[in-house]
Amino acid sequence: QVQLVESGGGLVQAGGSLRLSCAASGRAFSFYAMGWFRQAPGKQRELVAAITSDGSTYYADSVKGRFTISRDNAKNTVYLQMNSLKPEDTAVYYCAADGSGVLRTAPMNFDYWGQGTQVTVSS
């Protein structure tokens with residue numbers, strides 16, 4: 001089993017930045033595709049960004065140009081750098097792992113999930 005632990009969430013004003021981290025257990029981390037999802041109250045969970053085992057990245061249109069996903073396989077950690085934050089970015093952010101290693105966007109394709117970390121952007 002893989003355990004994922006997110007950190008770095010918090011309260012930030014509009015225009016500010018946060019960096020989320022997701023630490024993964026296990027020795028197969030480098031073979032997983034990793035994704036960041038978010039879910040706001042009353043809304044569907046959506047994929048924000050993903051990175052494959054070979055480093056290819058995906059971003060939702062709503063965050064493109066503002067967010068950057070990266071991974072450090074030596075540290076078993078994936079990051080989400082969030083810049084120019086907007087109130088509509090407010091949500092619980094979840095880290096997830098997909099054992100296929102390739103880019104898949106549906107939540108059902110991700111095998112492991114973190115507990116979530118709250119990001120609140122004030123206006």
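Read on for an overview of the structure. The residue count restarts for each chain, going from 1 along the sequence in the order it is written. In keeping with the predicted nature of the model, local features appear solely for residues at pLDDT of at least 70, side-chain atom pairs appear and are counted solely at 80 or more, and the whole-chain, interface and lining totals rest on all residues. Hydrogens are left out, water is left out, and the side-chain values use all remaining heavy atoms of the structure.

**A look at the overall build of the protein**
Here is step 1: By the criteria applied, helices consist of DSSP H or I runs no shorter than four residues and strands consist of E runs no shorter than two, each listed in order from the N terminus. Within the protein, the secondary structure is distributed over zero helices and eleven strands.
Here is step 2: Start at the N end of the protein and walk to the C end: the helices and strands fall as β-β-β-β-β-β-β-β-β-β-β.
Here is step 3: C-alpha atoms define the radius of gyration, and 2.2 Å times the number of residues to the power 0.38 defines the globule rule. Over its C-alpha trace the protein gives a radius of gyration of 13 Å, about what one expects of a compact globule, namely 14 Å for 123 residues.
Here is step 4: If one aligns the C-alpha atoms of the protein with their principal axes, the spans along those axes are about 40 × 25 × 25 Å.
Here is step 5: In the protein, which comprises 123 residues, the proportion classed as buried is 45%.
Here is step 6: The contact criterion used throughout is that any non-hydrogen atoms of two residues lie within 4.5 Å. For the protein, restricting intrachain contacts to residue pairs at least 6 apart in sequence, the fraction spanning at least 24 positions comes to 59%.
Here is step 7: Carbon and sulfur atoms provide 48% of the accessible area of the protein, an area that totals close to 6,200 Å². Each residue is placed in one exposure class: buried if its accessible area under a 1.4 Å probe, protein chains only, is under 20% of its type's maximum, exposed if it is over 50%, and partly exposed if it falls in between. Reported accessibility uses the Shrake-Rupley method at a 1.4 Å probe radius. Residues are deemed covered only where the shown protein chains occlude them.

**A word on the packing of aromatic side chains**
Here is step 1: For Phe, Tyr and Trp, where Trp contributes only its six-membered ring, two rings pair if their centres lie within 6.5 Å, and the inter-plane angle classes them as stacked under 30 degrees, edge-to-face over 60, or tilted in between. Applying the stated rule across the entire model yields five aromatic pairs.
Here is step 2: Definition used: whenever NZ (Lys) or CZ (Arg) falls within 6 Å of the ring centre and also within 35 degrees of the ring normal, the charge is taken to sit over that ring. Arg-71 extends its terminal NZ or CZ atom over the ring of Phe-29, reaching a point 4.6 Å from the ring centre.

**Focus on the nonpolar core**
Here is step 1: Residues belong to a common nonpolar core when they are buried Ala, Val, Leu, Ile, Met, Phe, Trp, Tyr or Cys residues joined through side-chain atoms within 4.5 Å. Grouped together as the largest cluster of nonpolar side chains are 31 residues, with contacts concentrated most on Leu-4, Met-34, Trp-36, Val-78, Leu-80, Met-82 and Tyr-93.
Here is step 2: Counting only elements with at least two residues in this core, the list comes to strand E3 (18–24), strand E4 (33–39), strand E5 (46–51), strand E7 (67–72), strand E8 (77–82), strand E9 (91–98) and strand E11 (117–122).
Here is step 3: Listed in part, the six residues of the second largest apolar core include Phe-37, Ala-50, Ala-96 and Phe-110.

**Thoughts on the state of the cysteines**
Here is step 1: Put simply, a disulfide is two cysteine sulfurs that come within 2.5 Å. Counting across every chain of the model gives one disulfide.
Here is step 2: Through a disulfide, Cys-22 is tied to Cys-95; the S-S separation comes to 2.0 Å. The sign of the S-S torsion, about -80°, decides the handedness of the disulfide formed by Cys-22 and Cys-95: left-handed. One end of the pair, Cys-22, is in strand E3; the other, Cys-95, is in strand E9, with 73 residues separating them in the sequence.

**Details of the environment of Ser-17**
Here is step 1: Turning to its location among the elements, Ser-17 is positioned in the loop between strand E2 (10–13) and E3.
Here is step 2: Here the alpha-carbon distance between Ser-17 and Trp-36, two residues 19 residues apart in the chain, equals 16 Å.
Here is step 3: With residues up to four places along the chain from it excluded, the contact list for Ser-17 reads Val-12, Gln-81, Met-82, Asn-83, Ser-84 and Leu-85.
Here is step 4: Any N or O atom pair separated by 3.5 Å or less is treated as a polar contact, with the protein-specific requirement of one donor-capable and one acceptor-capable atom, and with residues adjacent in sequence counted only for side-chain atom pairs. Here the side chain of Ser-17 touches Asn-83 through a polar contact of 2.9 Å, side chain to side chain.

**Structural notes on the pairing of E3**
Here is step 1: Burial analysis of E3 places five of its seven residues in the buried class, the great majority of the element.
Here is step 2: Pairing analysis gives four bridges linking strand E1 (residues 4–7) to E3, with the strands arranged antiparallel. Bridging from a neighbouring strand, Glu-6 pairs with Cys-22 of E3.
Here is step 3: Here the rule is simple: two strands pair whenever DSSP picks up at least two bridges between them. Both E3 and E8 contribute to a ladder of six bridges, which runs antiparallel. Paired with Cys-22 across the two strands is Val-78, which belongs to E8.

Interpretation note: all reported values are geometric properties and have no functional meaning in isolation.
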